[in-house]
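# An overview of the molecular structure
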Amino acid sequence: MNYNFKLSNNTTIVTVLFLSVLACFFLAKQLNSASSVVLPNLLEKHVQCKTRSVSNTQSFNVHVPVKKLADELALKLCADPVLAKQYGLVNVYWSGNLAEQIDFIAKGLADLTLSKDNVMKALMAESTYSYRAVIGYPEYTAFFISNREKPKLEKAYFLDKKIGLLDYPTSRSGHILPKQTFKLLDIDIDALDIQYVTSHKTLREKLSSGELDIIATYWNEDDEAYFSKNYITPTGSNISGSKWYLKMLNDNTELACSLQRLLNQIVQDSGSSYFDSVKQYWQCRVFPYEFLGERP
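Because the structure is a prediction, the values reported are computed rather than measured. The numbering scheme is per chain: residues are counted from 1 as the chain's sequence reads. In view of the model being predicted, local features appear only for residues whose pLDDT reaches at least 70, and side-chain atom pairs are presented and counted only at 80 or more, with totals across whole chains, interfaces and linings using the full set of residues. Side-chain figures throughout are based on the complete set of non-hydrogen atoms in the structure, without hydrogens or water.

### Some words on the sheet that holds strand E9 (residues 214–218)
Going by this rule: Between any two strands, at least two bridges found by DSSP are needed for them to pair. Note on conventions: DSSP H or I runs of at least 4 residues are helices, E runs of at least 2 residues are strands, and numbering of each starts at the N terminus. To get an axis, a line is fitted to the C-alpha atoms, and for a helix only the part in contact is used. The angle between two axes follows their N-to-C directions and goes from 0 to 180 degrees.
The five strands lie next to each other as E8-E7-E9-E6-E10, forming an open sheet whose pairing is mixed. Every other strand in the sheet has two partners, leaving strand E8 (193–197) and strand E10 (232–239) as the edge strands with one partner each. Averaged over all neighbouring strand pairs, the angle between strand axes comes to 25°, with direction disregarded. Bridging between strand E6 (residues 140–146) and E9 involves five bridges; their strand directions are antiparallel.

Printed below as a string of structure tokens:
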């Protein structure tokens, strides 16, 4: 028997309710705590580098979901000439744990963070700490992808398969949506042969090599060179992409524009066609630079 789920709306409702509860918890905790703010205990998941302003003790703090991105971003940020005029250190923390991400945003600890717009709205981060979007990834559809047959949304189908998911629970396509599908199919997660990996690229490599039978990820046109478009099954559609947010307590427009160029270069260097339609939220061609707003 085939099942047809409208997962996108359900996902949005559940996510917003969950994040609203967490936001209230963190807000209440913050109001009743001491005025001093301490960074979460993520020192083992932390990359630090120095800019050319060696005498400057000001640090620029960043939060991202995975180590690979943290390593790449730290090098580029420390080499950025605009950022070097204002900061002497760059600290990039990584964690795929949603509670840790919320801790950074709800307390305003991250000067730059990669997050979902529903997370930022639930935490009222834009009004509380003046977070502003810098660039945003496009909407996408999530899929189960196989290289030998079209995945079936049936309980028995998944029980003997080697399944690849992402190792960080904030990813909708690689973690949240496939697990919701298993729950709707009344499948015990512990009964499945699931391998967790750190990137969408690794998922594709393991599927191509035969280490995995099915992966949960997004689809882009580059994938057609390696996999068949007939062997994909959607788990959710019209999923909003993540955005990079900069804390703008000051009218630091030069830094916003410099970061927009830097982040755009990082995503373009990935070589994926998915990033061809990245949205830029700042007018940086002529001075004065200005925030354009999160227009559709």
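Moving on from the coordinates now.
### Overview of helix H8 (residues 172–184)
We count it as follows: To estimate how far a helix should reach, multiply one less than its number of residues by 1.5 Å. Whether a residue is buried, partly exposed or exposed follows from its accessible area with a 1.4 Å probe, protein chains only, as a fraction of its type maximum: under 20%, in between, or over 50%, in that order. What qualifies as a polar contact is a pair of N or O atoms within 3.5 Å, subject to a donor-acceptor requirement within protein and to the restriction that residues adjacent in sequence count only when both atoms come from side chains.
In this model, H8 (13 residues) spans only 16 Å end to end at C-alpha, well below the 18 Å of a helix rising 1.5 Å per residue. Burial in H8 covers these residues: Arg 172, Ser 173, Gly 174, His 175, Leu 177, Pro 178, Thr 181 and Phe 182. Between the side-chain oxygen of the N-cap and the backbone nitrogen of Gly 174 there are 3.1 Å, and the N-cap of H8 in question is Ser 171. Directly beyond the C-terminal end of H8, a positive phi value near 60° is found at Asp 186.

### With respect to the packing of aromatic side chains
In plain terms, the rule: We call Phe, Tyr and Trp rings a pair once their centres come within 6.5 Å, taking the six-membered ring for Trp, and we label the pair stacked below 30 degrees between planes, edge-to-face above 60, and tilted otherwise. Here, over-ring charges are defined by two tests on the NZ atom of lysine or the CZ atom of arginine: distance to the ring centre within 6 Å, and angle to the ring normal within 35 degrees.
Using the criterion set out here, one finds 10 aromatic pairs in the structure. Aromatic pair Phe 144 and Phe 182: ring centres 5.8 Å apart, planes at 25°, arrangement stacked. Residue Phe 144 is located in strand E6, and its partner Phe 182 is located in helix H8; the two are separated by 38 residues in the primary sequence. Across this residue pair, the class does not change: Phe 144 and Phe 182 are buried. Each residue in the set Phe 144, Tyr 157, Phe 158 and Phe 182 is aromatic and connected to the rest through ring pairs, giving one cluster. Between Arg 204 and the ring centre of Tyr 218, over which it is positioned, the NZ or CZ distance is 4.8 Å.

### Brief notes about the packing of helix H2 (residues 67–78) against helix H10 (residues 253–269)
What counts is decided by this rule: For this classification, under 35 degrees means roughly parallel, over 145 means roughly antiparallel, 65 to 115 means roughly perpendicular, and everything else is oblique. Helix crossings fall into two classes, left-handed where the near helix is turned counterclockwise from the far one by less than a right angle and right-handed where it is turned clockwise. Residue contacts are defined here by distance: any two heavy atoms, one from each residue, within 4.5 Å place the two residues in contact. Amino acids are sorted into nonpolar (Ala, Val, Leu, Ile, Met, Phe, Trp, Tyr, Cys and Pro), charged (Asp, Glu, Lys and Arg) and polar (every other residue, Gly among them).
As a packed pair, H2 and H10 sit with axes 11 Å apart at the nearest point and diverge in direction by 140°. Relative to H10, H2 is oriented oblique. Seen from above, H2 lies across H10 with right-handed handedness. Across the interface between the two elements, Glu 72, Leu 73, Lys 76 and Leu 77 from H2 touch Leu 259, Leu 262, Leu 263, Ile 266 and Asp 269 from H10. Per-class residue counts for the contact of H2 with H10 are six nonpolar, no polar and three charged.

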